Amino acid sequence: MEQIESVKEWGGFLNRYRHASDSCACDMSFSVYLPPQARSGPVPALYWLSGLTCSDENFRTKAGAQRYAAEFGLALVIPDTSPRGGQVPDAADRYDLGHGAGFYVNATRQPWSKHYHMYDYVTRELPALVEAELPLAPGLRSVAGHSMGGHGALICVLKNPGMYRSASAFAPICNPVRSPWGEGCFGAYLGARREDWEAWDATCLVRAGAAAPPLLIDQGSADEFLQEQLYPRELQAACEAAGIPLDLRFQEGYDHSYHFVATFIGEHIAWHARALKQGVP
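To keep things clear, this report deals only with the structure shown in the data block.

Criteria and thresholds
Residues numbered from 1 in each chain as written. Predicted model: local features only at pLDDT ≥ 70, side-chain atom pairs only at ≥ 80, totals over all residues. Heavy atoms only, no water. Buried < 20%, exposed > 50% of the residue type's maximum accessible area, 1.4 Å probe, protein only. Helix = DSSP H or I, 4+ residues; strand = E, 2+ residues; numbered from the N terminus. Pairing = 2+ DSSP bridges. Core = buried A, V, L, I, M, F, W, Y, C linked by side-chain atoms within 4.5 Å. Contact = heavy atoms within 4.5 Å. Arc of directions from axis to C-beta. Axes fitted to C-alpha atoms, helices over the stretch in contact; angles between N-to-C directions. Parallel < 35°, antiparallel > 145°, perpendicular 65-115°, else oblique. Left-handed = near helix turned anticlockwise from the far one by under 90°. Nonpolar A, V, L, I, M, F, W, Y, C, P; charged D, E, K, R; others polar. Disulfide = S-S within 2.5 Å. Salt bridge = Lys/Arg side-chain N within 4 Å of Asp/Glu carboxyl O.

1. Structural notes on the pairing of strand E3 (residues 26-34)
Here E3 lies mainly inside the structure; 7 of its 9 residues are buried. Relative to E3, strand E2 (residues 12-21) is paired through 9 bridges, and the arrangement is antiparallel. Within E3, the residue paired with Leu14 across the bridge is Tyr33. Following E2, the chain reverses through 4 residues before pairing antiparallel with E3; Ala25 in that reversal takes a positive phi of roughly 55°. Both E3 and strand E5 (residues 75-79) contribute to a ladder of 4 bridges, which runs antiparallel. Of the residues in E5, the one forming a bridge with Val32 is Val77.

Structure follows, in structure tokens:
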């Protein structure tokens, strides 16, 4: 784990690291914001999963989250959205497959299956690495994300009971087995059997009995992808039937962009901070 950048912000440090990933079989980079409280001891961490076409750069420069992380004493762990490099397969003519589009699944089909194990990376390898090397409190984790990363945050919490104290999302892809984005990536990464896709779909996981802590989702009413790609009402209905508390907030006039994320990220970080600090002296 090599530190390749460090910038002081809001009394803490926004660092970028690079390491050789076993899960993705390539070098991976990620960012971590360590708040000023980390100088006194380990702090809880909020893992942020970004969306299609993004890297760690989008969230760390556009969301304004570091200000709130410093206020509440949370670290931000910001992985990339896919493996990268010349040896990693890509679909150069598509923005929604390959580099920048890992979809937080473990691919099982060639040529993707060697490198595209983003689920193992964000739920196993990365937490173990940063909790061993940085002043992060082991086990005090929450997860959030935007769009494809919102999908990632939801499946991470649903597939790992007890691993995360809380989960939230901005405009997540809630039912990707019905979404053109999900169909395109799942078909490539996982094969043609739609039954195999359901293990990576938040709505299907809830219907199958997965449990979760209370969830928070913000969705812009003017989101250009709302009707065709996102399907938040399907997840809401599944959660209601399963008894999972879900606060789905439709925000009037907001679109799918980081302007939307930046407007409400402070509320999300405060919400996660409350969950992460319950029972902590």
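Back to the write-up after that little detour.
2. Concerning unusual backbone geometry
That bond from Gln110 to Pro111 is cis: its omega, 0°, falls within 30 degrees of zero. Within the secondary structure, Pro111 sits in the loop between E5 and helix H3 (118-133). The residue Tyr104 is not glycine, and still its phi comes out positive at about 60°. As for its position among the elements, Tyr104 is in the loop between E5 and H3. Look at Ser147: it is not a glycine, yet its phi comes out positive at around 60°. Along the chain, Ser147 turns up in the loop between strand E6 (136-146) and helix H4 (148-159).

3. Here we look at the nonpolar core
It is characteristic of soluble globular proteins that their nonpolar side chains tend to be buried jointly. The biggest cluster of nonpolar side chains holds 96 residues, and the ones touching the most others in it are Trp48, Phe59, Leu76, Phe103, Leu136, Tyr189 and Leu235. Broken down by element, the residue count for this core peaks at 8 residues, all from helix H10 (residues 258-276). Residues within four places of Phe103 in sequence aside, it is in contact with Leu52, Thr81, Met148, His151, Ile173, Pro176, Trp181, Gly182, Cys185, Phe186 and Tyr189.

4. Some words on helix H2 (residues 65-72)
Taken together, the buried positions of H2 are Ala65, Gln66, Ala69 and Ala70. Viewed along the axis of H2, the buried residues span an arc of 135°, placing them on a single side of the element. Buried residues belonging to H2 abut strand E1 (2-9), E2, E3, helix H1 (56-62), E5 and H10. Looking at the residues trailing H2, positive phi occurs at Gly73, about 70°.

5. Some points on the packing of H2 against H10
For the pair H2 and H10, the least separation of the axes is 9 Å and the interaxial angle reads 30°. Classified by the interaxial angle, the pair formed by H2 and H10 is roughly parallel. In terms of crossing hand, the pair formed by H2 and H10 is right-handed. Between H2, through Ala65, Tyr68, Ala69 and Phe72, and H10, the contact on the second element is made entirely by Ile265, Gly266, Ile269, Ala270 and Ala273. Tallied by class, the residues present in the contact of H2 with H10 amount to 8 nonpolar, 1 polar and no charged.

6. Structural notes on the state of the cysteines
Per the stated rule, a full pass over the model turns up 0 disulfides. In this structure Cys174 is not part of a disulfide, and its nearest cysteine sulfur, from Cys239, lies 8.7 Å away. As a non-bridged cysteine, Cys204 has Cys174 as the owner of its nearest cysteine sulfur, 12 Å distant.

7. Focus on the pattern of salt bridges
The tally for this structure, following the rule as stated, stands at 15 salt bridges. The partner of Glu57 in a salt bridge is Arg16, and the shortest N-O contact between them spans 2.7 Å. One end of the pair, Glu57, is in helix H1; the other, Arg16, is in strand E2, and 41 residues separate them in sequence. Accessibility expressed as a relative area gives 14% for Arg16, which makes it buried. Between Arg141 and Glu131 there is a salt bridge, and its shortest N-O distance comes to 2.7 Å.

8. Observations regarding the pairing of E6
Burial analysis of E6 places 9 of its 11 residues in the buried class, the great majority of the element. Sheet topology note: the strand E4 (residues 43-49)/E6 ladder contains 6 bridges and is parallel. Bridging across to E6, Leu49 finds its partner in Gly145. Bridge count between E6 and strand E7 (residues 167-170): 4 bridges; the pairing is parallel. Of the residues in E7, the one forming a bridge with Ala144 is Ser168.

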